[in-house]
Every structure is written in structure tokens, then in C-alpha cells.
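Listed below, chain by chain, are the residues.
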Amino acid sequence: MINQRGGVLRTLKVVGIVAQNKALGSILAMMLKDTPDVRVRVFETHKALQVYLRIAPIHLLLCDYQLDDMSCPQLVSSVKSNPQMHTENMQIIALTRKVDRAMQRQVGLAGIDEVIVKPTSPAYIRERAIARLEQPAKYKRVPAQNSGLAARVDAYIETIAQNRDLPENVVPLFGQKQPEQHPELV
């Protein structure tokens, strides 16, 4: 787009941060504030996020998986199923300490785009946020109760190897067979 003075207009991307820990929210905001064409909004509670989404869109949401009174999938489902909120192009990155099968199912049903296992470097989170902002959003508004989607998510989770409870960035050192432990250490 070109403005009246002949200059190029830039589209600002809005990144919303909802963290259970205020320090984490501040660190993430500090890491993202110097990113060109990005505006950062830190929300104290999920209710503040919902009020903001009624007014303006957010392009990327960085959210702790477990908030004070609800989980990230519950928040995302309630926000995306509400037609009054601007969520058409919103992507979500959830931050969590551990990943299990139940969480994978909830993440898939809610439409969360990416999960990052904590603790990790704030620079890595910044890198992933920038990469997400460069990709177009894949989300389309779906009804809150969609049994077909649930069946597809369950089928996908079953295709994942049964012994694959490690995060994607962890490589098993000894493959399938673990080395025998010394008898004194058992």
C-alpha cells in the first residue's frame, strides 16, 4: 500500500501475551518490542484479552498452557467460537512444561498452532513468534462442538508412535534400547 505522500504503508502485526507469571510476560514483551512492524500487548488476565479481542484483532497469541482459572485450549475455544471477537487471522503458541496425550488432544481440538516446552530461551520464543507472523493463519472459524474434528484429532494422535512422549527437539541418546545400569546404581 502507498500513502498520500508516496511512502509505503506497513501493516503492524499485534502480538498478545497472556502469562500466568508476570515476569515471563514482561520478558517476552521485552524480547518482541524491538521487532519491526510488531506491536506487543501484555494482558494481565484472559478476561482482558477477551475485551481487547472485541475491539481489535490479534495476529499471534503467546499463552501459558495453564492460566489461573482455565487452560489455554479452553481460552482459545471460547474466544474462537465467539463471533463477536476478531480471531479470523489469529495464530496461537502455547507455552507448557510437559506434553502428554491428553494435552495433545486438547491442543488439536482447540486449534493451537504450536506448543513450546518450557524452560526455553526467550530468544527462541522470539524466533518462533516471528516465524509464525510470517506465515498466513490457517484457522477457519468452526462451531465449538465439532465431533468430526475430534475424531480426526484422535486418529492423528493414534498415528504418533506410542513411546514418543519426548518433545520434538529431544533426540533419544540410546535409541529404543536403554543401556544397562550398574548394579550399585539401581
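Refer to the preceding data block for the structure.
Please read all numbers here as calculations on a predicted model, not as lab measurements. (Residues numbered from 1 in each chain as written. Predicted model: local features only at pLDDT ≥ 70, side-chain atom pairs only at ≥ 80, totals over all residues. Heavy atoms only, no water.)

1. Things to note about the overall build of the chain
Secondary structure assignment for the chain yields 6 helices and 5 strands. Sequence-ordered secondary structure for the chain, helices as α and strands as β, is β-α-β-α-β-α-β-α-β-α-α. Here the chain holds 186 residues, and the buried ones make up 35% of them. Restricting the contact set of the chain to residue pairs at least 6 apart, pairs at least 24 apart contribute 68%. (Helix = DSSP H or I, 4+ residues; strand = E, 2+ residues; numbered from the N terminus. Buried < 20%, exposed > 50% of the residue type's maximum accessible area, 1.4 Å probe, protein only. Contact = heavy atoms within 4.5 Å.)

2. Thoughts on the sheet that holds strand S4 (residues 91–96)
Taken together, the 5 strands give an open sheet; going across it, the order is S2-S1-S3-S4-S5, and neighbouring strands pair in parallel fashion. Both edges of this open sheet fall to strand S2 (38–43) and strand S5 (114–117), since each of them pairs with a single strand only. Taken pair by pair, the neighbouring strands of this sheet meet at an average axis angle of 20°, ignoring direction. The pairing of strand S1 (residues 13–18) with S2 spans 6 bridges and is parallel. By the bridge assignment for S2, Lys13 is matched with Val38. (Pairing = 2+ DSSP bridges. Axes fitted to C-alpha atoms, helices over the stretch in contact; angles between N-to-C directions.)

3. A short note on helix H2 (residues 46–55)
For H2, the set of buried residues is His46, Leu49, Gln50, Tyr52 and Leu53. The buried residues of H2 occupy an angular sector of 165° when the element is viewed end-on, so they sit on one face. Away from its buried face by more than 90 degrees, H2 exposes Lys47, Val51 and Ile55. Its buried side turned inward, H2 meets S1, S2, strand S3 (60–64) and helix H3 (72–80). (Arc of directions from axis to C-beta.)

4. Some remarks on the pattern of salt bridges
Think of it this way: side chains of opposite charge can pair up when their charged atoms draw near. Under the defined criterion, the tally for this structure stands at 4 salt bridges. With its nearest N and O atoms 2.7 Å apart, the salt bridge here joins Glu114 to Arg128. Here Glu114, found in strand S5, pairs with Arg128, found in helix H5 (residues 122–134); they are 14 residues apart in sequence, far enough to count as distant. Grouping residues by exposure puts Glu114 and Arg128 together as buried. Several salt bridges converge on common partners, so that one network encompasses Glu114, Arg128 and Arg132. (Salt bridge = Lys/Arg side-chain N within 4 Å of Asp/Glu carboxyl O.)

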